[in-house]
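Here are the chains, one letter per residue:
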Amino acid sequence: MWKTIANLAQEILFPEKCIKCGREKEGYICLDCAATMDILDRTPCPYCHSANPPDHICAKHRSHLHRLCAATRYQDPLAQNAIKLLKYEPCVKNLSQSLAKIIWYHLQLSEISQDIIGQFAIVAVPLHISRLKKRGYNQSEEIAKHLSGFLKIPLIENGLKRRTQKGQTQALSDKAARLLNVEDCFYVPHPEKVKSRKIMLIDDVFTTGATLEECAKVLKQNGSEEIWGVVFARGS
């Protein structure tokens, strides 16, 4: 009942129309406005920005991720506004579908075959419990649900969980500080679900990479084979 009332209130206060041009009935990001975004067809190494090899993370960084797929850059004004509306008040939950669709476009532009994509399962980065209580949903999980449908690959629900007493909630810009902040934050409640699986690890934004790296490390420790970071936007 309360969920229905909350959904109705959101429809009245924030009806589904494009967050840029106001056009109705085409989702929160209409096709015309999506076309103005710089949707990437390739993602260089997120740590040194090398494009060789394309779409992969350079071996010298010893990343737990095999590659990073980022649909756009966080510097894009529309991308910034979309993420803020998804994560902060009024918390437009259904905006996650538009972000997932743009990630889908990016993967198509990257010319990754469905045969390759079909080998993967999806896991969402879990949210800190205090933010989950405040927001009412995990934005990465919402993106993951829609992306699972677009790509026609399974979503492993609760593939990762976050320890309740670990990690701060504030934003940290320094990579070393972020790595320490998320160390031992995550665990796999059902290792048999991720063992010997290729995983697309879903988050909204890649900044320093600390969260994705820690999640990927834990998944590998529990038997996952190849892990791609898949995000809506990258910070640089």
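Here the structure is a predicted model, which means the values were calculated and not measured. (Residues numbered from 1 in each chain as written. Predicted model: local features only at pLDDT ≥ 70, side-chain atom pairs only at ≥ 80, totals over all residues. Heavy atoms only, no water.)

## Topic: the pairing of strand β1 (residues 67–73)
Working note: regular strand, side chains alternate between the two faces of the sheet.
Here is step 1 of the chain: With six of seven residues buried, β1 is to be regarded as a mostly interior element.
Here is step 2 of the chain: Across six bridges, the pairing between β1 and strand β6 (residues 227–234) is parallel. By the bridge assignment for β6, Arg 73 is matched with Arg 234. (Buried < 20%, exposed > 50% of the residue type's maximum accessible area, 1.4 Å probe, protein only. Helix = DSSP H or I, 4+ residues; strand = E, 2+ residues; numbered from the N terminus. Pairing = 2+ DSSP bridges.)

## Digging into the pairing of strand β5 (residues 198–206)
Here is step 1 of the chain: By the criterion of burial, β5 is predominantly enclosed, with eight of the nine residues buried.
Here is step 2 of the chain: Sheet analysis places strand β2 (residues 120–124) next to β5, joined by five bridges and oriented parallel. Note on β5: the bridge partner recorded for Phe 120 is Lys 198.
Here is step 3 of the chain: As paired strands, β5 and β6 are joined by seven bridges and run parallel to one another. Looking at the pairing, Phe 206 lines up with Arg 234 of β6.
Here is step 4 of the chain: Read from β5 through helix α10 (residues 210–221) to β6, the crossover connection turns out right-handed. (Right-handed = clockwise from strand over helix to strand, strands pointing away.)

## What about the nonpolar core?
Here is step 1 of the chain: Formed by 44 residues in total, the largest nonpolar core has its most connected members in Ile 29, Leu 95, Met 200 and Phe 232.
Here is step 2 of the chain: Elements with a minimum of two residues in this core: α2 (31–34), β1, α3 (77–87), α4 (95–109), β2, α7 (139–151), β5 and β6.
Here is step 3 of the chain: The residues contacting Ile 29, other than those within four sequence positions of it, are Cys 18, Ile 19, Ala 34, Leu 78, Ala 82, Leu 95, Ser 98, Leu 99 and Ile 102.
Here is step 4 of the chain: By size, the runner-up hydrophobic cluster in this structure holds 28 residues, among which are Leu 68, Ala 70, Ile 199 and Ala 216. (Core = buried A, V, L, I, M, F, W, Y, C linked by side-chain atoms within 4.5 Å. Contact = heavy atoms within 4.5 Å.)

## Details of the sheet that holds β2
Here is step 1 of the chain: A sheet is described by the order of its strands in space; here four strands give the open sequence β1-β6-β5-β2, paired in parallel fashion. Every other strand in the sheet has two partners, leaving β1 and β2 as the edge strands with one partner each. Ignoring strand direction, the axes of neighbouring strands in this sheet form an average angle of 25°.
Here is step 2 of the chain: Of the strands in this sheet, β1 and β6 touch α4, which is tilted by about 120° from β1.
Here is step 3 of the chain: Across the sheet, α7 lies against β2, β5 and β6, angled at about 130° from β5, the strand it touches most. (Axes fitted to C-alpha atoms, helices over the stretch in contact; angles between N-to-C directions.)

## Some words on the packing of aromatic side chains
Here is step 1 of the chain: Applying the stated rule across the entire model yields four aromatic pairs.
Here is step 2 of the chain: Among the aromatic residues, those joined into a cluster by ring pairs are Trp 104, Tyr 105 and Phe 150.
Here is step 3 of the chain: Above the face of the Trp 228 ring, Arg 67 is positioned so that its terminal group lies 4.4 Å from the ring centre. (Phe/Tyr/Trp six-rings, centres within 6.5 Å; stacked < 30°, edge-to-face > 60°. Lys NZ or Arg CZ within 6 Å of the ring centre and 35° of its normal.)

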